[in-house]
Structures are given as structure tokens and as C-alpha cells.
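The residues making up each chain are set out below.
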Amino acid sequence: MRRTLLLILLVLACGSAPAIGAPANGQARDILVPLTDEQIRAAGVETQPVEAESGVGEIVVPGVVAVPPQQLRIVAAPAAGLVETLLVAPDEDVKEGDPIATLKSSELVEAQRAFLLAMSEANLAIEKLRRDEQLFKERIIAERRLIVTRAEAAQARATLDERGQILALAGMTEGEIGALRKDRKLAPSLLVRAPIGGTILQRHGTTGERVAASAPLVTIARLDPIWVNLQVPLSRAVALDSVERVHLPSAGLDGKLIRVGRTVDSATQSVTAVAEFRPGRSPLRPGQALTAILRVKGGGASQWRVPADAVVSHLNHSWVFVRIPEGFRAVPVTLVSETPQFASVQGRLAASERVATRGLLTLLAELAEAESK
């Protein structure tokens, strides 16, 4: 009865999923689990040999292709108006400065009118300042009047600069602003250009639509390099410090891990890690779901390959049960990486030893009983 109750408690407390990580505070030690050959056969315990590894393991995780935020631009309408034409289509490649759309905008006309007015007032203030400086030299006016005139000229120049900046924010180039200065001809239409070279991911506006200022028109992204956001189970997060490279089997690409998140998703209990790739001509598309393989380096320690079923979790440690003449020896290990079939571990093992792969509930019960003594 005691043995049955202990088995149930072990299933509830330990679970069947192994945890990755070094033994807590380094105090875990080998524990003898004495069993006779008859008890081992009755419990259905089976063993398989330990294999030495080169020190490189694998973690298979899902991922989603994403655009690095610094390579993403949303091109917005610089002023309220009517979308005359959209000159690009989704998935089209553009260069920096290429035309994206044309807008007809009364706001743009008003901004140009205000600029021309500020330019006239600045020219008038400059001329007034020149005249007053001459009058002051001839001692016709007081110095106070000259100071006031200088302040008015400075204010007029600042207002002109402000109106010029407004035109630049509205999407006019320096050449177009220079032409406005020279010809004083108001332009009712505005040409929106690509701020960066890249690929059109999405069109937000439509031809003939009236849009407000800052309304998005298209999204442009530079897709080389590109990121893959990996969802790594929390139990495997410790091994991320030893990842040597990241492989995408579907694309045949190798990349590097550039960042590991510090927060955990409460729904999936996973950590987000970001890998960077140079796709070249490989078809990696933003939003694409794929599988990634993390190549984990053992860091120079002795590393062993065992069946995945041989590693169990007990009291925040990962364990394997090594067959010895007296029964089994419970050995704490560090689980470096894991696939559905095999696990890579570091611990006090030898290539000639065999570890238990079945009947582990009985061994866990004996382990708990041995620890209680």
C-alpha cells in the first residue's frame, strides 16, 4: 500500500517531462537504489547503453519569420488629401527615392502659400534692417530702433525656416522647395517617395481614397538580414547560452542566436529567442512558420547521448539510473539538449554503462525511499 501511494505522489510531483539545467546548488550526489534481479524483472525495467558524444546537441523548436524593426518603414500620407495613384504593388521591390504614390492636398497648397508669405515678410524685414543700419550710421535714428529692427528680421527668418521645415515634412524635396522660391508657383499634388530600399509588404490605402495626415499608405521592409522568433520551452532555456548556431531545415540556412528574452509567455511557458539569418535567394517570408534546430555546444565537458526516456525529473534535478550489480545508481545530470528520441546530458557517466529506459516509476519510488533514510 505504501509503495502504491508513493508511486502516485511521484507521478504528481515529478511529472514525466525532464528539466534542463545543472543540479541545484551543486549538491546533488549519486544515490544507490538497491534492487535484486527478480525485482528488476518484475518491475519491467529495461536498459540501453550510454554513447559518448562530440559535445554538440540539438534542440528542435518552432519559429516565425519576422522583419527586424529597424528595417521596417510604414510610409504615411504627409498631409491630408486625395490619393490620386498608388504606384506600387505588394511584394514589389523598390529603391530608396522611388515614387510610391501621388496625393492632391489642399493642406499642401496652404503650406506653400504660408511659405511664400513668410518669404516675403523675411525679405521685407531684411530690407528694413539694411535701411535702418544705414540710417544709424548717419546718426538719423536711435540705436534702440536698430535693435528692434534686428529682432524683427531674426524673427522673420525663423518663421521662414519654420515654414520650410513644414514643407519638408509634407514631403517636398529641397529641389521642389527651391523651385517654389524661384517661380512662386503653387503645386497642388505631392509625390510620396520610398524612404528606404526594400520590398512592399502591404498596401494600406486605395486609389481615390481621401486620407488624413499620417494615414498609412504602404509598408516597406528590407528583408536581408531577417529574423526568426523562436519559441523555446522554459525547461530548455538554460541551454541557450551554449547555442553555437541555428539551422533552418526547410530553407537550408544557418544563422546565429542574437538575443534571448528575459520574460516568459504565461500561456505557453516559453522564452522568445531571436536568430538572425542572411537569406539571399532563399524564400523566407515575414509571418512564415517553420521549425528551427538549435545546435548546442557542450562547452568542453564530457557529454553523453542517452534515450530521451532515460532522463527523469525529480526534486528539481535531472536524473538517469545506471545499472550496477547492486541494482541501480541514480546519477544527477545536466540535460543539454533533447529530441523526441535522444537526450544529450553531462554527468558522471561512462561509455560502458547502461541506463534504465523503462520501469522508471519503480526506480523513482525506490529513489525517494532511499533519500528518506
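Residues numbered from 1 in each chain as written. Predicted model: local features only at pLDDT ≥ 70, side-chain atom pairs only at ≥ 80, totals over all residues. Heavy atoms only, no water.

Further remarks concern the overall build of the protein. A tally of helices and strands in the protein yields 6 helices and 23 strands. A compact globule built from 373 residues would reach a C-alpha radius of gyration of about 21 Å, whereas the protein, at 36 Å, exceeds it by more than 25%. On the principal axes, the C-alpha backbone points of the protein span a range of 120 × 50 × 40 Å. The buried share of the protein, reckoned over its 373 residues, is 41%. Taking contacts inside the protein between residues at least 6 apart in sequence as the whole, the part at least 24 apart equals 78%. By element, 52% of the accessible surface of the protein is carried by carbon and sulfur atoms, the whole surface being about 20500 Å². (Helix = DSSP H or I, 4+ residues; strand = E, 2+ residues; numbered from the N terminus. Rg over C-alpha atoms; globule rule 2.2 N^0.38 Å. Buried < 20%, exposed > 50% of the residue type's maximum accessible area, 1.4 Å probe, protein only. Contact = heavy atoms within 4.5 Å. Areas by Shrake-Rupley, 256 points an atom, 1.4 Å probe, with all protein chains shown as cover.)

A few words now on the side chain of E353. Checked against the element boundaries, E353 lands in the loop between strand 22 (342-347) and strand 23 (354-358). A polar contact of 2.7 Å, which involves the side chain of E353, links it to the side chain of R329. Sequence-distant contacts of E353, defined by excluding residues within four places in its chain, comprise Q48, P49, V50, V322, R329 and R348. (Polar contact = N/O pair within 3.5 Å; in protein donor to acceptor, adjacent residues only side chain to side chain.)

Quick look at unusual backbone geometry now. The omega torsion across D224 and P225 is 0°, close enough to zero to call that bond cis. One can find P225 in the loop between strand 12 (216-221) and strand 13 (226-233). One non-glycine residue, D91, adopts positive backbone phi at about 70°. Although it is not a glycine, Q269 adopts a positive phi angle of roughly 50°.

The next point concerns the confidence of the model for the protein. When pLDDT drops low, the exact placement of atoms in the prediction is not to be read closely. In the predicted model, the protein carries a mean pLDDT of 86, and 90% of its residues have values of at least 70. Of the regions scoring below 50 in pLDDT, residues 1-27 engages in 45 contacts with residues more than four places distant in sequence or in other chains. (pLDDT = per-residue confidence, 0-100.)

On to the pattern of salt bridges. Applying the stated rule across the entire model yields 15 salt bridges. A salt bridge links R130 to E127; its shortest N-O distance comes to 2.4 Å. Of the two residues, R130 and E127 both sit in helix 3 (residues 106-137), 3 residues apart, roughly one turn of that helix. Residues participating in the shared-partner salt-bridge network are D30, R329, R348 and E353. (Salt bridge = Lys/Arg side-chain N within 4 Å of Asp/Glu carboxyl O.)

What follows covers the packing of helix 3 against helix 4 (residues 143-169). Running from N to C, helix 3 and helix 4 cross one another at 160°; their axes reach a closest spacing of 8 Å. Put simply, helix 3 runs roughly antiparallel to helix 4. For the crossing formed where helix 3 meets helix 4, the hand is left-handed. Considering only residue class, the contact of helix 3 with helix 4 consists of 16 nonpolar, 4 polar and 11 charged. (Axes fitted to C-alpha atoms, helices over the stretch in contact; angles between N-to-C directions. Parallel < 35°, antiparallel > 145°, perpendicular 65-115°, else oblique. Left-handed = near helix turned anticlockwise from the far one by under 90°. Nonpolar A, V, L, I, M, F, W, Y, C, P; charged D, E, K, R; others polar.)

Attention now moves to the packing of aromatic side chains. In the structure shown here, the tally under the stated rule is 0 aromatic pairs. One residue, R305, lies across the ring of F342, its end atom 3.6 Å from the ring centre. Above the plane of the ring of F328 lies R323, whose end atom (NZ or CZ) is 5.5 Å from the centre. (Phe/Tyr/Trp six-rings, centres within 6.5 Å; stacked < 30°, edge-to-face > 60°. Lys NZ or Arg CZ within 6 Å of the ring centre and 35° of its normal.)

Here we take up the packing of helix 4 against helix 5 (residues 174-183). The contact between helix 4 and helix 5 brings their axes to 10 Å, and the two run at 130°. Viewed along their axes, helix 4 and helix 5 adopt a mutual orientation that is oblique. At the point where helix 4 passes helix 5, the crossing takes the right-handed sense. Residues L160, G164, L167 and A168 of helix 4 touch helix 5, and the partners they reach there are I177, L180 and R181. Tallied by class, residues from the contact of helix 4 with helix 5 come to 5 nonpolar, 1 polar and 1 charged.

What follows is about the environment of I147. Summarising the element assignment, I147 is placed in helix 4. A residue is classified by how much of its surface remains accessible, and I147, at 48% relative accessible area, is partly exposed. Through-space distance from the C-alpha of I147 to that of G44 is 103 Å; in sequence the pair is 103 residues apart.

Side chains three or four residues apart in an α-helix point the same way, a direct result of the helix having 3.6 residues per turn. Between its terminal C-alpha atoms helix 6 (residues 360-372) stretches 18 Å, which fits the 18 Å expected from 13 residues at 1.5 Å a residue. When we look at burial in helix 6, the residues that qualify are L360, L363, L364, A365, E366, L367, A368 and E369. (Expected span 1.5 Å × (residues − 1).)

We now examine the sheet that holds strand 10 (residues 198-203). Across the sheet, which stays open at both edges, the 4 strands sit in the order 5-12-10-7 with antiparallel pairing between neighbours. Two strands bound the open sheet, and with one partner strand each, they are strand 5 (72-76) and strand 7 (93-94). Here 2 bridges tie strand 7 to strand 10, and the two strands are oriented antiparallel to one another. What sits directly across from D93, in strand 10, is T199. (Pairing = 2+ DSSP bridges.)

Our focus in this paragraph is the layout of surface pockets. In this structure, the largest pocket spans a volume of roughly 400 Å³. Every residue lining the largest pocket is counted, 18 residues in all, and those nearest its centre are D93, T199, L223, L284 and R285. Where the lining of the largest pocket is concerned, the elements lending two or more residues are strand 7 and strand 10. Looking at the lining of the largest pocket, the element that brings in the most residues is strand 10, giving 3 residues. Residues of the lining of the largest pocket, tallied by class, amount to 9 nonpolar, 4 polar and 5 charged. (1 Å grid on protein atoms, 1.4 Å probe; cavity = no way out; pocket = protein on both sides within 12 Å on 5 of 7 lines; lining within 4 Å. Points joined across faces, edges and corners; volume = space filled by probe spheres on them.)

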